[in-house]
Amino acid sequence: MTVEEIVRRVRERSIRLASGLPVATPPIGNDFSLSGIVPIPETWKPASVLVPLVNRAAGITVLLTQRTADMPSHAGQVAFPGGRRQASDIDAAATALRETEEEVGIPARFVDVVGAVDLYHTGTGYEITPIVGIVTPGFTIRADPREVADVFEVPLEHFLDEVNHKIDSRQYQGRERRYYAMPYGERYIWGATAGMLKNLHFILTAKETEVA
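Treat the numbers as computed from the prediction; the structure is a model and nothing was measured.

Trainee: Would you take a moment to explain empty space enclosed by the protein for this structure?
Mentor: Over the atoms, a rolled probe matching the size of one water molecule traces out where space is still vacant. For the coordinates displayed, the defined rule picks out 3 cavities of 30 Å³ or more. In this structure, the largest cavity encloses a volume near 90 Å³. Residue lining of the largest cavity: R9, E12, R13, R16, I203, E208, V211 and A212, and that is the complete set. Of all the secondary-structure elements, those providing two or more residues to the lining of the largest cavity are α1 (3-19) and α5 (208-211).

Trainee: I would appreciate a short explanation of the pattern of salt bridges in the present structure.
Mentor: Pairing is possible between side chains of opposite charge, provided their charged atoms come close. Across all of its chains, the model carries 12 salt bridges by this definition. Ionic pairing is found between R8 and E5, a salt bridge with its closest N-O pair at 2.9 Å. Here R8 and its partner E5 are both found in helix α1, 3 residues apart, which amounts to about one turn of the helix. Taking relative accessible area as the criterion, R8 reaches 38% and is therefore assigned partly exposed.

Trainee: Help me understand the pairing of strand β7 (residues 126-135), please; the structure alone is not making it clear to me.
Mentor: Looking down a regular strand, the side chains alternate between one sheet face and the other. Most of β7 is tucked away, with 8 of its 10 residues classed as buried. Note: strand β1 (residues 45-56) against β7, 10 bridges, orientation parallel. Paired with L53 across the two strands is I134, which belongs to β7. In this sheet, β7 lies alongside strand β5 (residues 111-116) in antiparallel orientation, the contact comprising 5 bridges.

Rules used throughout
Within every chain, residues take consecutive numbers counted from 1 along the sequence as written. Under the rules for a predicted model, residues below a pLDDT of 70 receive no local features and side-chain atom pairs below 80 are neither given nor counted, while totals for whole chains, interfaces and linings still include all residues. Hydrogens and water are ignored here; the side-chain numbers use all heavy atoms of the structure. Think of a 1 Å grid over just the protein atoms. A cavity is a set of points where a 1.4 Å probe fits yet cannot get out, a pocket is an open set with protein on both sides within 12 Å along at least five of seven lines, and lining residues have an atom within 4 Å of a point. Grid points are joined across faces, edges and corners, and a volume is the space filled by probe spheres set on the points. In DSSP terms, a helix is any run of H or I states spanning at least four residues, a strand is any run of E spanning at least two, and both are numbered starting from the N terminus. Basic side-chain nitrogens of Lys or Arg form a salt bridge, by our definition, when they fall within 4 Å of a carboxyl oxygen of Asp or Glu. The buried label goes to any residue with under 20% of its type's maximum accessible area, the exposed label to any with over 50%, and the partly exposed label to all in between, with areas taken from a 1.4 Å probe on protein chains only. Strand pairing is assigned whenever DSSP detects at least two bridges linking the two strands.

Here you go:
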């Protein structure tokens, strides 16, 4: 898939969402979409992540982080760079870009923001806005050791191939919780990150009439 096709599809979806136009429901809306358990907090905590698509000569990759083992939440998990919105952030994209530079050292000048896609709600009470961005190579990774244990890239084609989309389960508060996982080698990509990747797969591969 070309960068131009990705930009066209994501931008069209983003515009329709922002304008309140009808869109098809994405596969995953929250951490419990596959389990039928939907905890609804009194107030969602706004957050954003950058979905960084690196435009490598050999093919587009997705940049991901491995959280440190001592983080208070989601320790050791694979994640997109991102975090909670701050009062100084003018919008969701500003949050994602700020957090990306803080966590992995990629300045905003390397990122061409394409648009915001479907919201994702977590069991910990966050309402996440995924911001898709095309990243130009040439940046230097400077991971924040307090939050990021590792930074790595996975070919986008891995996530676009449904053969790599697994459904796993575990016990959560005495009930079975089912979720998507998209392992890549020794990396176990699951939960919210896999859910947002599943939605991106939907946007990038579905027939146009199935997405709008």
